[in-house]
There are 4 protein chains.
Amino acid sequence: MRIEENEIFNKYFKNLSDKERAIFEGGISLGALFHQFVGTPVNKKSKESLEKAIEESIKNQPFVEDVRVNIKNVEEKYKSLSGDMLYVELTIKVNKIRVYFKLEYIKELDYPLMYIEKIEKL
Amino acid sequence: MRIEENEIFNKYFKNLSDKERAIFEGGISLGALFHQFVGTPVNKKSKESLEKAIEESIKNQPFVEDVRVNIKNVEEKYKSLSGDMLYVELTIKVNKIRVYFKLEYIKELDYPLMYIEKIEKL
Amino acid sequence: MRIEENEIFNKYFKNLSDKERAIFEGGISLGALFHQFVGTPVNKKSKESLEKAIEESIKNQPFVEDVRVNIKNVEEKYKSLSGDMLYVELTIKVNKIRVYFKLEYIKELDYPLMYIEKIEKL
Amino acid sequence: MRIEENEIFNKYFKNLSDKERAIFEGGISLGALFHQFVGTPVNKKSKESLEKAIEESIKNQPFVEDVRVNIKNVEEKYKSLSGDMLYVELTIKVNKIRVYFKLEYIKELDYPLMYIEKIEKL
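Residues numbered from 1 in each chain as written. Chains lettered and ligands numbered in written order. Predicted model: local features only at pLDDT ≥ 70, side-chain atom pairs only at ≥ 80, totals over all residues. Heavy atoms only, no water.

Before going further, it helps to spend a moment on the sheet that holds strand β4 (residues 86-94) of chain B. All names here are of chain B. Spatially, β2-β4-β5-β6 is the arrangement adopted by the four strands of the open sheet, whose pairing is antiparallel. Every other strand in the sheet has two partners, leaving β2 (64-71) and β6 (111-121) as the edge strands with one partner each. The mean angle between the axes of side-by-side strands here comes to 10 degrees, regardless of whether they run parallel or antiparallel. In this structure, β2 lies alongside β4, joined through seven bridges in antiparallel fashion. Following the sheet pairing, V69 is matched in β4 by V88. Contacts between helix α3 (residues 47-59) and the sheet are confined to β2 and β4, with β2 contributing the most and set at about 160 degrees to the helix. (Pairing = 2+ DSSP bridges. Helix = DSSP H or I, 4+ residues; strand = E, 2+ residues; numbered from the N terminus. Axes fitted to C-alpha atoms, helices over the stretch in contact; angles between N-to-C directions. Contact = heavy atoms within 4.5 Å.)

Given below as structure tokens:
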């Protein structure tokens, strides 16, 4: 991104602290990931390439430092990717703040939950 | 949601202030909205029903107080919904914090930007 | 669509009979519908607006004469739309051929199946 | 797939010739591909992994013999995958019939067109 563009971006985010910005961007990335890829046909053979593509596409989002995607309960026969099959670890870094996010299926809730595991000040 | 479920949920979010929780949930909802609906065929006739369905589906997300969706640059002939056609106003309320989010195409950036317009303490 | 555009389109489809064209377009519409909307948050309150928006968006596709969408097993609490919740009847008409398509969950297969119910010559 | 399942499947498709079945399945796969992946963030670095994942996921669909995906007009800076960036070659084989499908952006129509290039009897 060119410098002028960066300045325009920052104008829109000067009302947020680095921590709040990180939390916002992590939320966007998790919502994006879930709703972009749920429904994709997947089986044992295609699992790995799908995990990699999800990771690479989410790395495109602003401030993403790292992302690991693990697709669970895949079978020989293909099925549509559903939210409860997703296990995601995402790290967002804004200046000296690093936030660790997780998306995982919580059995007690019967729900794929997105939450924040840890916030680090570097 | 039953009370026990609520308690389980809260366990995962006790590391966030109400403001941070609101920012996180707003990010998720905007990321979800964008990536769920971009690509949908739309023209002048179907614009209104699509706006309404996006609003109703996002109202399902936790803590959403209000959401308004306006799809711009729709034509007689159908085309695929793209990010630059979306104009969204979203309000998230967590206890005594209300956060106003916006998704709009920013011409200078050639980019559909998600950002926070205002944070209110009630 | 203007006349010249129609001629360009037809150039690409002159290798198909009306029946084959109808079958092709119905397949596209069902694949589109499934993969566009699976993952959308839905509950009892938003069910109807989502059904309507899916119908309206699919009516945008070429040669669609009619489409009815019924979302099944919706609950008070929202969940992500999955393929097994979809029941769709679609009619495609190309000149004097009308083809009736269906998308429905087949229990014996544990699979949301897209198939052709009937082909009519008018 | 187990033999009994195959028999159940075939029951639903006995009203179609092999050629018609191939045309139907190709339509579904192209509609699925387009609407599943349009909107995915992509740039030069992630282009290849996304192409591969799309190919692998579509190979999961019934009767797909081969599929090649080429994402065009990718830049350093990421953007959302749009239909006009997709170039896809898909081959479906049902018994002794092979059908070659294409999805490509047609400039004269300003439209990403799905069509059938060739039908082969083996």
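Turning our attention to the nonpolar core. Membership of the largest hydrophobic core comes to 172 residues, with the highest contact counts inside it found for F24 of chain A together with F24 of chain B. Excluding its chain neighbours within four sequence positions, the residues that come into contact with F24 of chain A are F13 and L16 of chain A together with I23, G26, G27, L30, F101, M114, Y115 and I116 of chain B. (Core = buried A, V, L, I, M, F, W, Y, C linked by side-chain atoms within 4.5 Å. Buried < 20%, exposed > 50% of the residue type's maximum accessible area, 1.4 Å probe, protein only.)

All right, on to the relation of the copies chain C and chain B then. Turning chain C through 180 degrees and shifting it by 0.0 Å along the axis lays it on chain B, with an RMSD of 0.0 Å. With respect to symmetry, the two chain copies, as superposed, fit the operation of a two-fold axis. Relative to the rotation axis, the closest C-alpha in chain C is found at A53 of chain C, a distance of 3.0 Å. A high fraction, 100%, of the interface residues of chain C reappear at the interface in chain B, so the copies pair face to face through one surface. (Least-squares fit on C-alpha atoms with pLDDT ≥ 70 in both.)

Quick look at the interface of chain B and chain A now. Tallying the contact residues gives 33 residues for chain B and 33 residues for chain A. On the chain B side of the interface with chain A, the three residues burying the most area are Y12, F24 and H35 of chain B, jointly 21% of the side's total. Inspection of the chain B/chain A interface yields two salt bridges. Across the pair K19 of chain B and E20 of chain A runs a salt bridge whose closest N-O atoms are separated by 3.1 Å. Where chain B packs against chain A, one counts eight residue pairs in polar contact (both at pLDDT 80 or more). At the level of secondary structure, the elements contributing two or more residues to the side of chain B that touches chain A comprise α1 (3-13), α2 (18-37), β5 (97-106) and β6 of chain B. The element contributing the most residues to the side of chain B that touches chain A is α2 of chain B, with 12 residues. Of the residues in the side of chain B that touches chain A, the class split is 20 nonpolar, seven polar and six charged. (Buried area = accessible area lost by both parts, 1.4 Å probe. Salt bridge = Lys/Arg side-chain N within 4 Å of Asp/Glu carboxyl O. Polar contact = N/O pair within 3.5 Å; in protein donor to acceptor, adjacent residues only side chain to side chain. Nonpolar A, V, L, I, M, F, W, Y, C, P; charged D, E, K, R; others polar.)

Moving on: the environment of N70 of chain B. All names here are of chain B. Within the secondary structure, N70 is located in strand β2. Residues N70 and L81, 11 residues apart in the sequence, show an inter-C-alpha distance of 12 Å. Looking at N70, its side chain comes within polar contact range of the side chain of K47, at 3.2 Å.

A word on the interface of chain C and chain B. With 22 residues of chain C at the interface, the matching set in chain B holds 22 residues. Together chain C and chain B conceal approximately 1700 Å² of surface at their shared face, both sides included; 51% is due to carbon and sulfur atoms. Counting every contact that joins chain C to chain B gives zero salt bridges. At six residues, the largest contribution of residues to the side of chain C that touches chain B is made by helix α3 (residues 47-59) of chain C. Residue composition of the side of chain C that touches chain B, grouped by class: eight nonpolar, nine polar and five charged.

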